[in-house]
Amino acid sequence: MPTRPGASFREARPRFLLLQVREPGDPMAERERTCFQRALRAPEEALVTFDLLGGRPSPRRLGQFDAALVGGSGDHSVVRGGPWLADALDTMRTLHAEAIPTFASCWGFQALAAALGGRVVTDRARGEIGIIPLHLTAEGRRDPVFGPLGSPFSVVIGHEDIVTDLPRDAVRLASSDTIANEAFRFRGKPIYATQFHPEVDRDGLVDRVAQYPEYLELTGFTELGAWRRSLPPTGPVDALFRRFVRRFVLRR
């Protein structure tokens, strides 16, 4: 349902489909939805969830929304896979083929890369969790969504699966000191993906590690409170979503 060109967010009332990979009863499913809602500054009814563990959304279902969001996953991996993964990756290919405005983070970043010909590996030794600085590439500095962040910029991040090779039509937008591929967009498509979580703030990161305590080991700390106290503040990276919406959703 395309929005009226030039309409404001309030006038257009865009609707978002959040694609999740969450086990039934995972409390982070609802927390993830509210994080995206907060970052978008959207009303509650503007964001609907669909869990890819149960299958793929039909083309008709996708067509009911103005944009797709793809979230993270506490329990599942593109590398480890599962019986649900083929349909999930087919959904990523549909988003790309139909040029549906899409913003994906963390697991969504890895899934888009894997589905479109990139390579994802599990490398716990190079895992990142915490609040870290990223650097824009030359393409990132020119990009209308990423460029205004400046470089470096601080992000919330948590992963052990790493995109080592991007799809052929992907444009790298940001890197960390140790990982080359931290954000990309697809050339000529309204599709962006980030290894980090622009929808999550400092408290949200701590909540997720408390829910998935096996990730605390990647921080170098043994006690959650001590790690929390060590975290620096985050920057205004949630503005990425609003610039994305203004440029690729409200102008459709």
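This write-up is about the structure you can find in this document. Computed from a predicted model, the values in this text were never measured in an experiment. (Residues numbered from 1 in each chain as written. Predicted model: local features only at pLDDT ≥ 70, side-chain atom pairs only at ≥ 80, totals over all residues. Heavy atoms only, no water.)

Digging into the overall build of the protein
Moving on, step 1. The helix and strand tally for the protein stands at 9 helices and 11 strands.
Moving on, step 2. A globule of 252 residues ought to have a C-alpha radius of gyration of about 18 Å, and the protein, at 17 Å, matches this closely.
Moving on, step 3. Along the first, second and third principal axes, the C-alpha atoms of the protein reach 50 × 40 × 35 Å.
Moving on, step 4. Relative to its 252 residues, the protein shows a buried fraction of 56%.
Moving on, step 5. Put simply, the protein shows about 10800 Å² of open surface, and 50% of that area lies on carbon and sulfur atoms.
Moving on, step 6. In the protein, 34 positive and 31 negative side-chain charges are present, and the distance between their average locations comes to 8 Å. (Helix = DSSP H or I, 4+ residues; strand = E, 2+ residues; numbered from the N terminus. Rg over C-alpha atoms; globule rule 2.2 N^0.38 Å. Buried < 20%, exposed > 50% of the residue type's maximum accessible area, 1.4 Å probe, protein only. Areas by Shrake-Rupley, 256 points an atom, 1.4 Å probe, with all protein chains shown as cover. Lys, Arg positive; Asp, Glu negative; His and termini not counted. Charge placed at Lys NZ, Arg CZ, Asp CG, Glu CD.)

What about the sheet that holds strand S3 (residues 67–70)?
Moving on, step 1. The 9 strands are arranged S2-S1-S3-S4-S11-S10-S9-S6-S7 in an open sheet whose pairing can be described as mixed. Edge positions in the sheet fall to strand S2 (47–51) and strand S7 (153–159), since each of these pairs with one other strand and no more. Neighbouring strand axes in the sheet, compared pairwise and without regard to direction, differ in orientation by 25° on average.
Moving on, step 2. Relative to strand S11 (residues 191–194), strand S10 (residues 183–186) is paired through 3 bridges, and the arrangement is antiparallel. (Pairing = 2+ DSSP bridges. Axes fitted to C-alpha atoms, helices over the stretch in contact; angles between N-to-C directions.)

Brief notes about unusual backbone geometry
Moving on, step 1. The residue after Ser151, namely Pro152, is reached through a cis peptide bond having omega 5°.
Moving on, step 2. With respect to the secondary-structure elements, Pro152 resides in the loop between helix H6 (138–142) and S7.
Moving on, step 3. Located in the positive-phi region is Ala99, a residue other than glycine, with phi close to 50°.
Moving on, step 4. As for its position among the elements, Ala99 is in the loop between helix H4 (85–97) and strand S4 (102–105).

A look at the packing of H4 against helix H5 (residues 107–115)
Moving on, step 1. Contact pair H4 / H5: the axes reach a minimum separation of 9 Å and the direction vectors enclose 80°. The angle between H4 and H5 places the two elements in the roughly perpendicular class. From H4, Leu85, Ala88, Leu89, Met92 and Arg93 reach across to H5, where they touch Trp107, Ala111, Leu112 and Ala115.
Moving on, step 2. Counted by class, the contact of H4 with H5 contains 8 nonpolar, no polar and 1 charged residues. (Parallel < 35°, antiparallel > 145°, perpendicular 65-115°, else oblique. Contact = heavy atoms within 4.5 Å. Nonpolar A, V, L, I, M, F, W, Y, C, P; charged D, E, K, R; others polar.)

Let's talk about the packing of aromatic side chains
Moving on, step 1. Enumeration according to the criterion identifies 13 aromatic pairs in this entry.
Moving on, step 2. Aromatic pair Phe103 and Phe244: ring centres 5.6 Å apart, planes at 85°, arrangement edge-to-face. Taken as a pair, Phe103 in strand S4 and Phe244 in helix H9 (residues 239–248) lie far apart in primary sequence, 141 residues in all.
Moving on, step 3. On the accessibility criterion, Phe103 (0% relative accessible area) is buried.
Moving on, step 4. The class for Phe244 is buried, based on a relative accessible area of 1%.
Moving on, step 5. Ring geometry for Phe146 against Tyr192: centres 6.2 Å apart, planes inclined by 10°, an arrangement best described as stacked. Taken as a pair, Phe146 in the loop between H6 and S7 and Tyr192 in strand S11 lie far apart in primary sequence, 46 residues in all.
Moving on, step 6. Owing to a relative accessible area of 0%, Phe146 belongs among the buried residues under this scheme. (Phe/Tyr/Trp six-rings, centres within 6.5 Å; stacked < 30°, edge-to-face > 60°.)

Looking at the environment of Arg185
Moving on, step 1. If you trace the backbone, Arg185 turns up in strand S10.
Moving on, step 2. Separated by 126 residues in the primary sequence, Arg185 and Pro59 have C-alpha atoms spaced 22 Å apart.
Moving on, step 3. Those residues in contact with Arg185 that lie beyond four places of it in its chain are Glu139, Asp143, Asp169, Ala170, Val171, Leu173, Ile191 and Tyr192.
Moving on, step 4. At 3.2 Å, the side chain of Arg185 and the side chain of Asp143 are in polar contact. (Polar contact = N/O pair within 3.5 Å; in protein donor to acceptor, adjacent residues only side chain to side chain.)

Here we look at the side chain of Arg243
Moving on, step 1. As for its position among the elements, Arg243 is in helix H9.
Moving on, step 2. Buried charge without a partner: Arg243 forms no salt bridge, and the closest opposite charge is Asp143, 7.2 Å away.
Moving on, step 3. The residues contacting Arg243, other than those within four sequence positions of it, are Pro144, Val145, Pro148 and Leu149. (Salt bridge = Lys/Arg side-chain N within 4 Å of Asp/Glu carboxyl O.)

Observations regarding helix H2 (residues 27–40)
Moving on, step 1. If you check H2, its first and last C-alpha atoms are 21 Å apart, about what 14 residues at 1.5 Å a residue would give, namely 20 Å.
Moving on, step 2. By the N-cap criterion, in which a side-chain oxygen at the helix start approaches the backbone nitrogen of a residue two or three places on, H2 is capped by Asp26, the distance to Met28 being 2.8 Å.
Moving on, step 3. Arg41, located one to two residues past H2, shows a positive phi value of around 55°. (Expected span 1.5 Å × (residues − 1).)

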